[in-house]
Every structure is written in structure tokens, then in C-alpha cells.
Amino acid sequence: MVLTCGIVANLVLLGYYKYANFFVDSANAVLGDVFLLDSILLPLAISFFTFQQIAYLIDTYRGETKELDFLHYCLFVTFFPQLIAGPIVHHKEMLSQFARASLYSVNIRRHAVGYTIFTLGLFKKVVLADGIAAYATPAFYAADSGIALTLFEAWTGSLAYTLQLYFDFSGYSDMAIGLARMFGIRLPLNFNSPYKATSIIDFWRRWHMTLSRFMRDYVYIPLGGNKRGIIGSQRTNLMATMLLGGLWHGAGWNFLFWGGLHGCYVIINNKWRASHTGKAAATAREKLFGWSITFIAVVFAWVPFRAETMEGTKNMIFGMLGFNGISLDPSALRVLGDYGSWLMTIGISFDGLLAHMEGVTTFYAAAWIISLLIIALVLPNTQQIMRKYHPAFETYKGEISQLRWKWMAWRPTRLWAIIITALFIFNVLSLTQMSEFLYFRF
């Protein structure tokens, strides 16, 4: 009874602050303006600390909780570096660290490691993510406004947002780990080059890893997991888990649609794996094919995640499928010459959305997208660069892989100190305008 009361109390508060407006707006859309509710301000990080508290309650009920100090528990719930965008920390990883005496002494190497990780994360956020946002935000704003985007415009916007979210989330995850390391605390790994995944299951082992772990341990398995459980079969349990995961990200039908899409993806992936059990390891060509299908599926799924309305989602997806025609940048006419005139005769225009965006051209958009894809798919991630200094707990064993290029490994040397200090100064000087905060819905 105490466990039930504790979980219900947490969920009621989360439901009121995060979902009350959504349910009232949905009811009014069907019944007319029957209910009146002012817009409710979302408390900072409520989704994250609610999950942490529920996990602590359940594990205490199971007898798995070892640390019972109330002050340490309060610190565990309110430890600020990871509250904004994760990771969702687990009490067994955190509470034991707060009791260490070494935590309260100054350690120069600890600060150097944390400062380096934080600086790399800040660069991803304020330079890379905010830099490519200029090509994502106008496209989705146009789609939500009812503008029919053409093929290249829709793909430019969706790929730009795919990379914006990647470096934004990766940057926040690094900054959280770096800040915590400055205090002597190690957080779990939450982001591990997910766009290198060769399947959707692999993707969810790399993207928001601590959320995947929580949903598996406290939703999917209690529902029945791979067996017929409270709701039904494995497919039903998977879909219910992914729908709840979508709704957790934001109160809206778009997020439910996103969760449902990924639920379908995971179910298909499971069926594929089951039909190929016992077969030889995948060849390089098969891995490339698996990566391509996975990446395209993820890009399409990010559309409802980013769009403000279902109408905007439809406009963007229709554009990506080519239903709204093809438009190229007007500057391409000078390069194409007579071929440009021929392209116009077959229906390709040179006056699309990109042509009316100040300072935005197809060339710069393509350059940004290609450059960030190379960084995401080829270069090592922060955890690999800092691997020797154990930057984070591995959410799944063996996740921090070896660094291919040893010269890129961080070391506490004068050269690295100069590089990281210069990068930090560059990051600060790049903070010249309002930066989009992608996690306000959390």
C-alpha cells in the first residue's frame, strides 16, 4: 500500500504538470470548448527526478536498496548536472558515491578530466547543434504553417534536425558527465554514437541509454517482457512500452506517433532477428544495408518528434516522399546553364523555401549536413577519447570501445590543456544569440 501510494503520488504530480493541458485540449477538440484550464508551467526536470524516485521506491520495496541516508537521497534526486537532459541516474550507482570521503577534497586531475568532457560537450551544443539549427527550424516552422515543402527542402530540414538533436543531446550528455566529474561523481553513459547503429535495437542501446534501461526494467519486464504478461504478448508489451516512452518525451499526439513508429520498428527488428537466428555473421554489405535502413527509419521518425502539429508532420513527410515536387536553389541555375532550363521543363523549380531564407543556400546546408554526418559516423565520440580515464559508468558492458586512432586519446599534457582552453574560449565567444532549448517539454 505504501509503495502504491508513493508511485501514485509521483505520477499524479507528473500527470498534472505535464499532461493536464494536453488532455484538456484534446477533450475540447472533440467536445468543443467545454473545459477551461490556464497553461501550466512545467517544473524543471520533473520527468527525470520522477523516474528516479519511482525506481528508488520500487527497489526499496524489493529489498534492493542499500543506502538509506535521507540527505544523500535528497542529493541524489536534486544533483543538478544531469537533471535537464539526463542521464536518468539509478540510486545504486549514485548514493554510494556520496558517502566517499575523497569526494570532498580537491583533485586536480579530476577537474581536468571533467573540464575537458564539459568543453567538448559545450562545443557540440553551441557550435555544431546551434549552427545547423538554422536549416532545421525554418523548415519545420513552414511545415507547421501549412506550407508544402518540396523534396530537397523537406530532406534538408529533416536531416538538419536529425543532426541538431544528435549533437544537442550528445553535448548535454557530455556536459552532465563533465560537471559531475568535477565534483568527483561518475554518471552512467547515456549516449554512444547512436547513428552508427546497424539496427533499431542497436540504436536504442546507444540513444538515451538510461531511459531504455529504465523502460526495460520498470515497464517492459513488469508488463511481462518476452512472455505473455499483464497486457499481452511480447509485441503488445513492446508497443505499450514504446508508446509510454513517446508520451514521456512530451504531451502530444506527435510524441505518441513517434513512440508508435519506434514500437513498430523494434517489433519488425525482433521478427527479423528471430528468422535469422543461427545464420552466419553479417557481411560488410549486409551491415551497410542495415545501417542505411536504420538511419532512414530514424530520420523519418524524428519528423513527428520535432513538428508541433500532426499537420506539420504530414507536410514534412509528404515533401520527403516527393509528393510536393522538387525545388533547387536559384544559384544552381548559374551552374547548370542550359540544363537548368531543361530541368524546369520537367517540373523542377528554382524558387523554393530555401530561396527565401536569409543567408541560407543549398550549398551551405549541404556542407553543414555532410560535415556533421562525417563527425557523427566516422570520428570517435567523447567517451572513446577519454576512455583511459573512465569518463562514465557503462550502462551496458563493453559500450566504450577502443579508440582506433591512438593519437586522439586525451592525456593531461600541456598541448591538450592549450587545445581545450582555446576551445572553451571559442565556445563562450560563440554564445552570441538565444540558443534553442530542445528539452523544455521534459
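Source: prediction; values computed, not measured. (Residues numbered from 1 in each chain as written. Predicted model: local features only at pLDDT ≥ 70, side-chain atom pairs only at ≥ 80, totals over all residues. Heavy atoms only, no water.)

**Q** Which residues make up the overall build of the protein, and what values do they have?
**A** If you tally the helices and strands in the protein, you get 17 helices and two strands. Restricting the contact set of the protein to residue pairs at least 6 apart, pairs at least 24 apart contribute 73%. Of the roughly 22500 Å² that the protein leaves accessible, carbon and sulfur atoms contribute 67%. (Helix = DSSP H or I, 4+ residues; strand = E, 2+ residues; numbered from the N terminus. Contact = heavy atoms within 4.5 Å. Areas by Shrake-Rupley, 256 points an atom, 1.4 Å probe, with all protein chains shown as cover.)

**Q** Give a detailed account of the layout of surface pockets, specifying residues and quantitative values.
**A** Each pocket or cavity is described by its volume, and for the largest pocket that value is around 860 Å³. Residue assignment for the lining of the largest pocket shows that the elements contributing at least two residues are helix H7 (200-204), helix H10 (253-275) and helix H11 (284-306). Per-element tally for the lining of the largest pocket: the top contributor is H11, with eight residues. The class makeup of the residues in the lining of the largest pocket is 10 nonpolar, six polar and six charged. (1 Å grid on protein atoms, 1.4 Å probe; cavity = no way out; pocket = protein on both sides within 12 Å on 5 of 7 lines; lining within 4 Å. Points joined across faces, edges and corners; volume = space filled by probe spheres on them. Nonpolar A, V, L, I, M, F, W, Y, C, P; charged D, E, K, R; others polar.)

**Q** Any details on the pattern of salt bridges? Residues and values, ideally.
**A** Where side chains of opposite charge bring their charged atoms close, a pairing between them can arise. Evaluated as defined, the whole model comprises eight salt bridges. Residue Lys124 is joined to Asp174 by a salt bridge in which the shortest nitrogen-to-oxygen separation is 2.6 Å. On the criterion of sequence distance, the pair formed by Lys124 in helix H5 (residues 108-144) and Asp174 in helix H6 (residues 151-182) is long-range, its members being 50 residues apart. Residue class for Lys124 comes out buried when judged on its relative accessible area of 12%. Judged by its relative accessible area of 2%, Asp174 falls in the buried class. (Salt bridge = Lys/Arg side-chain N within 4 Å of Asp/Glu carboxyl O. Buried < 20%, exposed > 50% of the residue type's maximum accessible area, 1.4 Å probe, protein only.)

**Q** An account of the packing of aromatic side chains is requested, with residue identities and associated values reported.
**A** Summed over all chains, the structure comprises 37 aromatic pairs. Pairing Tyr56 with Tyr73 gives two aromatic rings, centres 4.8 Å apart and planes at 50°, and the pair type is tilted. One end of the pair, Tyr56, is in helix H2 (residues 46-61); the other, Tyr73, is in helix H3 (residues 70-78), and 17 residues separate them in sequence. Given a relative accessible area of 18%, Tyr73 falls into the buried group. Over the face of the ring belonging to Phe393 we find Arg186, whose NZ or CZ atom lies 4.6 Å from the ring centre. (Phe/Tyr/Trp six-rings, centres within 6.5 Å; stacked < 30°, edge-to-face > 60°. Lys NZ or Arg CZ within 6 Å of the ring centre and 35° of its normal.)

**Q** Quick rundown of the packing of H5 against H6? Include the residues and the values.
**A** Any two packed helices are characterised by how steeply their axes cross, that is the angle between the axes, and by the distance between the axes. Close contact between H5 and H6 brings their axes to 6 Å; oriented N to C, the two are set at 160°. Taken as axis vectors, H5 and H6 run roughly antiparallel relative to one another. As H5 packs across H6, the resulting crossing turns out to be left-handed. By residue class, the composition of the contact of H5 with H6 is 22 nonpolar, 10 polar and eight charged. (Axes fitted to C-alpha atoms, helices over the stretch in contact; angles between N-to-C directions. Parallel < 35°, antiparallel > 145°, perpendicular 65-115°, else oblique. Left-handed = near helix turned anticlockwise from the far one by under 90°.)

**Q** Tell me about the environment of Val266, residues and numbers included.
**A** With respect to the helices, strands and loops of the structure, Val266 is situated in helix H10. Val266 sits in the buried class, given a relative accessible area of 8%. On a C-alpha basis, the gap between Val266 and Asp202 in space is 9.8 Å, while along the polypeptide they are 64 residues apart. Val266 has contacts with Ile200, Ile201, Trp204 and Leu238, leaving out every residue within four places of it along the chain.

**Q** Now, about empty space enclosed by the protein: what can you tell me, with residues and values included?
**A** Taken as a whole and assessed by the stated rule, the structure comprises three cavities of 30 Å³ or more. For the largest cavity, the calculated volume is near 70 Å³. Looking at the largest cavity, the residues that line it are Phe51, Gln52, Ala55, Ile88, Val89, His90, Thr210, Arg213, Phe214, Asp217 and Tyr218. In terms of residue count, the dominant contributor to the lining of the largest cavity is helix H8 (residues 209-223) (five residues). Of the residues belonging to the lining of the largest cavity, the class tally is six nonpolar, three polar and two charged.

**Q** Tell me about a nonpolar patch on the surface, residues and numbers included.
**A** A grouping of Val30, Leu31, Val34 and Phe35 is seen on the molecular surface, where their side chains present a nonpolar patch of about 430 Å² in accessible area. Checked against the element boundaries, Phe35 lands in the loop between helix H1 (2-31) and H2. (Patch = residues over 30% accessible without salt bridge, like charges linked within 9 Å, V, L, I, M, F, W, Y side chains within 5 Å.)

**Q** Go over the packing of H2 against H8, please, and point to the residues and values.
**A** In the contact formed by H2 and H8, the axes pass within 12 Å of each other and the chain directions differ by 35°. Our pair here, H2 against H8, has a crossing hand that is left-handed. Contacts from Phe51, Ala55, Ile58 and Asp59 of H2 reach H8 at Leu211, Phe214, Met215 and Tyr218. Residues belonging to the contact of H2 with H8 are distributed by class as follows: seven nonpolar, no polar and one charged.

**Q** How would you explain the environment of Asn270 if you had to name every residue and give the values?
**A** Among the structural elements, Asn270 can be located in helix H10. C-alpha of Asn270 to C-alpha of Ile200: the two residues are 70 residues apart in sequence and 9.4 Å apart in space. Discounting chain neighbours no more than four positions away, the residues touching Asn270 are Ile201, Gln234 and Leu238.

**Q** Give me the nonpolar core: which residues, what numbers.
**A** Ranked by size, the top nonpolar core spans 64 residues in total, and within it Tyr195, Trp207, Trp302 and Met316 carry the most contacts. Of all the secondary structure elements, the ones that give two or more residues to this core are H5, H6, H7, helix H9 (234-249), H10, H11, helix H12 (310-320) and helix H15 (362-377). By residue number, the principal contributor to this core is H5, which donates 13 residues. Residues in contact with Trp302, not counting those within four places in the same chain, are Tyr161, Thr162, Leu165, Tyr195, Phe203, Trp207 and Trp258. (Core = buried A, V, L, I, M, F, W, Y, C linked by side-chain atoms within 4.5 Å.)

**Q** Describe in detail the side chain of Asn28, supporting the description with residues and values.
**A** Relative to the helices and strands, Asn28 is located in helix H1. For Asn28, a relative accessible area of 13% puts it in the buried group. Apart from residues no more than four positions distant in its own chain, Asn28 is found in contact with Asp33, Val34 and Phe35.

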